[in-house]
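Report on the structure
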Amino acid sequence: MRKWRCNFCSHVYDERLGDPDSGIAAGTRFEDIPEDWICPECGAGKSDYILVEGS
(Lines give C-alpha, C1' and ligand atoms only; values in the text may rest on other atoms or scores of the structure.)
Protein backbone atom coordinates (compact mmCIF):
# COMPACT_ATOMS: atom_id res chain seq x y z
CA MET A 1 0.00 0.00 0.00
CA ARG A 2 1.30 3.43 -0.98
CA LYS A 3 0.67 7.06 -0.14
CA TRP A 4 0.01 9.92 -2.55
CA ARG A 5 0.31 13.65 -1.77
CA CYS A 6 -1.60 16.58 -3.27
CA ASN A 7 0.75 19.10 -4.91
CA PHE A 8 -1.38 22.02 -3.72
CA CYS A 9 -2.34 21.41 -0.09
CA SER A 10 -0.19 18.37 0.87
CA HIS A 11 -3.23 16.21 1.69
CA VAL A 12 -2.11 12.58 1.77
CA TYR A 13 -4.19 9.78 0.28
CA ASP A 14 -3.19 6.60 2.08
CA GLU A 15 -4.31 3.48 0.20
CA ARG A 16 -4.61 1.62 3.52
CA LEU A 17 -7.17 4.12 4.80
CA GLY A 18 -8.96 5.09 1.58
CA ASP A 19 -11.27 8.11 1.67
CA PRO A 20 -14.46 6.88 3.34
CA ASP A 21 -16.03 10.36 3.34
CA SER A 22 -15.86 10.27 -0.47
CA GLY A 23 -16.99 6.64 -0.76
CA ILE A 24 -13.49 5.23 -1.36
CA ALA A 25 -13.05 2.07 0.73
CA ALA A 26 -9.95 1.29 2.77
CA GLY A 27 -7.46 -0.70 0.69
CA THR A 28 -8.39 1.03 -2.59
CA ARG A 29 -5.33 1.58 -4.76
CA PHE A 30 -4.89 5.10 -6.08
CA GLU A 31 -5.10 3.81 -9.67
CA ASP A 32 -8.55 2.39 -8.92
CA ILE A 33 -10.04 5.67 -7.67
CA PRO A 34 -12.43 7.20 -10.23
CA GLU A 35 -10.82 9.87 -12.44
CA ASP A 36 -13.34 12.46 -11.26
CA TRP A 37 -12.29 12.09 -7.59
CA ILE A 38 -11.01 15.34 -6.09
CA CYS A 39 -8.87 16.24 -3.10
CA PRO A 40 -11.17 16.40 -0.06
CA GLU A 41 -9.24 19.38 1.32
CA CYS A 42 -8.67 21.72 -1.65
CA GLY A 43 -10.59 20.29 -4.62
CA ALA A 44 -7.52 19.53 -6.76
CA GLY A 45 -7.84 16.75 -9.30
CA LYS A 46 -6.47 13.23 -9.05
CA SER A 47 -3.76 14.17 -11.57
CA ASP A 48 -2.42 16.71 -9.05
CA TYR A 49 -1.23 13.94 -6.70
CA ILE A 50 2.29 12.52 -6.62
CA LEU A 51 3.56 9.28 -5.15
CA VAL A 52 5.27 9.70 -1.78
CA GLU A 53 8.70 8.09 -2.09
CA GLY A 54 9.34 5.25 0.30
CA SER A 55 5.66 4.66 1.00
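Residues numbered from 1 in each chain as written. Predicted model: local features only at pLDDT ≥ 70, side-chain atom pairs only at ≥ 80, totals over all residues. Heavy atoms only, no water.

Where an unreviewed UniProt entry is consulted, the protein chain appears under the name Rubredoxin, with the organism given as Duganella vulcania. The annotation that UniProt attaches to the protein chain under Function (unreviewed entry) is "Involved in the hydrocarbon hydroxylating system, which transfers electrons from NADH to rubredoxin reductase and then through rubredoxin to alkane 1 monooxygenase." Note on the protein chain: under the UniProt heading Pathway (unreviewed entry), the record states "Hydrocarbon metabolism; alkane degradation." (UniProt positions renumbered as here; feature names shortened; annotations may be inferred.)

Comments concerning the sheet that holds strand 1 (residues 3–6)
Spatial strand order, 2-1-3: 3 strands in an open sheet with antiparallel pairing. Of all the strands in the sheet, the pair left with one neighbour each is strand 2 (12–14) and strand 3 (49–51). Between one strand axis and the next, the sheet turns through 30 degrees on average, direction left out of account. Relative to strand 2, strand 1 is paired through 3 bridges, and the arrangement is antiparallel. Residue pairing across strands places Trp4 opposite Tyr13, the latter belonging to strand 2. (Pairing = 2+ DSSP bridges. Helix = DSSP H or I, 4+ residues; strand = E, 2+ residues; numbered from the N terminus. Axes fitted to C-alpha atoms, helices over the stretch in contact; angles between N-to-C directions.)

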